[in-house]
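So you can see what is in the structure, the chains are spelled out below.
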Amino acid sequence: KQGYQRRVRGGKPPSAGHVTALIMPGELDAADTALMIQVLERLLNDDSFLDDEIKKEIKQYDNDGNLKIDRGEFQQMLNSYLGTISDDESSELFDDIDKDRSGFIEISELKRVLRNQIMLELDRLKMENGM
């Protein structure tokens with residue numbers, strides 16, 4: 001549980017900022033920051049684009065083709081993004097995302113989490129840049 005708290009709730013969740021850091025290492029200049037803000041705002045306002053991107057990600061790990069992620073598929077997904085994490089960390093995160101307790105993470109649940117992360121990153125970028 002402590003690893004999950006540190007990695008996810010402790011300010012280091014997978015987010016658009018992490019993608020930016022991988023693509024553009026180092027500090028973002030004003031033009032890059034403005035572009036990143038535009039991209040994040042587009043993601044928030046374009047539901048079909050967000051749905052399509054989430055479906056692409058789900059399909060990579062959805063072994064049974066039901067467009068839902070079960071616990072095993074989720075563990076595989078997390079390991080590919082974050083490196084090896086414990087079953088306890090994975091299970092806790094799964095339970096946080098699976099709000100309807102169906103035993104699956106569905107597109108709408110991933111979309112909610114992703115939108116929240118995008119909004120946090122967008123707010124952070126705007127605040128850091130006096131916008």
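So, here is what we can say about the structure in this document. (Residues numbered from 1 in each chain as written. Predicted model: local features only at pLDDT ≥ 70, side-chain atom pairs only at ≥ 80, totals over all residues. Heavy atoms only, no water.)

This brings us to the packing of helix H5 (residues 71-82) against helix H6 (residues 87-97). Look at H5 against H6: their axes get within 10 Å of each other, and the N-to-C directions meet at 110°. Judged on the interaxial angle alone, H6 and H5 are roughly perpendicular. By crossing handedness, the relation of H5 to H6 is classed as right-handed. Taking contact as the criterion, the partners of Arg71, Phe74, Gln75 and Leu78 in H5 are, on H6, Asp87, Ser90, Ser91, Leu93, Phe94, Asp95 and Ile97. Residues that form the contact of H5 with H6 fall into these classes: five nonpolar, three polar and three charged. (Axes fitted to C-alpha atoms, helices over the stretch in contact; angles between N-to-C directions. Helix = DSSP H or I, 4+ residues; strand = E, 2+ residues; numbered from the N terminus. Parallel < 35°, antiparallel > 145°, perpendicular 65-115°, else oblique. Left-handed = near helix turned anticlockwise from the far one by under 90°. Contact = heavy atoms within 4.5 Å. Nonpolar A, V, L, I, M, F, W, Y, C, P; charged D, E, K, R; others polar.)

Time to look at the pattern of salt bridges. Across all of its chains, the model carries six salt bridges by this definition. The shortest N-O distance in the salt bridge between Lys111 and Asp51 comes to 3.1 Å. Note that Lys111 is positioned in helix H7 (residues 107-128) and Asp51 in helix H4 (residues 47-61), a separation of 60 residues in sequence. Glu128 is the partner of Arg124 in a salt bridge, and the nearest nitrogen-oxygen pair spans 2.6 Å. One end of the pair is Arg124 and the other is Glu128, both in helix H7 and four residues apart, which spans about a single turn. Among the ionic contacts, a cluster of salt bridges with common partners joins Glu121, Arg124 and Glu128. (Salt bridge = Lys/Arg side-chain N within 4 Å of Asp/Glu carboxyl O.)

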